[in-house]
Amino acid sequence: MKPWGAWVSLGARLILGGVMLVAGALKVSDPETAAQAVRAYEILPDGLADPVGWGLPFLEIAIGLLLILGFGVRHSAAAAAVFMVVFIAAVGSAWARGLAIDCGCFGGGGRVDPGQTKYLEEILRDVGLLVLALWLCVKPASKFALESDQDPSTGAP
C-alpha cells in the first residue's frame, strides 16, 4: 500500500465507524421508535420488523466501535457494506412505492409529509458510506488500529 493509503483507510474507518456509532446510539435509547421506523418501510412483517428495529442499533454500535478502534476492520467494513446496501435498497424501495417516510437512520422515522422526504440525499449519503466500506474491505490496514498496520495478505503496510 502506498504511504498515504494507510491514512485514507484511517479516515474511512473513522468516518464510517463514527456514522455507524452515532446512528446506533441515537436509536438505542428508544427501541419502539426504531421499530416504528422499520415498520414504516412496509417491507418486513410486523413480527420481524420489531426485533430488527430493536436489534439494529446494537449492531450499528458494535460495527462502529470495531471500525473506530481498528479491530476486525475488513469484517466490520464488510458488515457495514451489507448494511449500506440494505439501507439503499430500503430507501429506494420506499421512494419507488411512493411512501412518505423519514428514513429513521439517525433516530425518529415513520411517516412524514411528502414534501419532507429526502430520499435522494439519503441514498447518496449511503452510497458514499458504501464506497468507504468497500475501500476498507480492500485496504483494511490503517494507522492507529488495534490490529497490525500490516496488510494480512502481503505483510506490507
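It should be emphasised that the depicted structure is a prediction, and the values quoted were computed from it without experimental measurement. (Residues numbered from 1 in each chain as written. Predicted model: local features only at pLDDT ≥ 70, side-chain atom pairs only at ≥ 80, totals over all residues. Heavy atoms only, no water.)

Here's the deal with the confidence of the model for the chain
Then step 1. Overall, the predicted model of the chain reaches an average pLDDT of 92, with 93% of residues at or above 70.
Then step 2. Residue range residues 152-157 is modelled with pLDDT below 50. Its contacts to residues more than four positions away, or to other chains, number eight contacts. (pLDDT = per-residue confidence, 0-100. Contact = heavy atoms within 4.5 Å.)

What to know about the packing of helix α1 (residues 5-28) against helix α3 (residues 46-69)
Angle between the axes and distance between the axes: these two values describe a pair of packed helices.
Then step 1. Where α1 contacts α3, the axes come no closer than 7 Å and their chain directions differ by 150°. Classed by the angle they form, the pair α1 and α3 counts as roughly antiparallel. Crossing geometry of α1 relative to α3 is assigned as left-handed. Contact residues: Arg13, Leu14, Leu16, Gly17, Gly18, Met20, Leu21, Ala23, Gly24, Ala25, Lys27 and Val28 in α1; Leu56, Pro57, Phe58, Glu60, Ile61, Ile63, Gly64, Leu65, Leu67, Ile68 and Leu69 in α3.
Then step 2. Counted by class, the contact of α1 with α3 contains 16 nonpolar, four polar and three charged residues. (Axes fitted to C-alpha atoms, helices over the stretch in contact; angles between N-to-C directions. Helix = DSSP H or I, 4+ residues; strand = E, 2+ residues; numbered from the N terminus. Parallel < 35°, antiparallel > 145°, perpendicular 65-115°, else oblique. Left-handed = near helix turned anticlockwise from the far one by under 90°. Nonpolar A, V, L, I, M, F, W, Y, C, P; charged D, E, K, R; others polar.)

Points about the packing of aromatic side chains
Where two aromatic rings form a pair, the distance of their centres and the angle of their planes describe that pair.
Then step 1. Taken as a whole and judged by the stated rule, the model has three aromatic pairs.
Then step 2. Geometrically, the ring pair formed by tryptophan 7 and phenylalanine 144 is edge-to-face, given 5.7 Å between the ring centres and 70° between the ring planes. Within this pair, whereas tryptophan 7 is found in helix α1, its partner phenylalanine 144 is found in the segment after α5 (119-138), the two being separated by 137 residues in sequence. (Phe/Tyr/Trp six-rings, centres within 6.5 Å; stacked < 30°, edge-to-face > 60°.)

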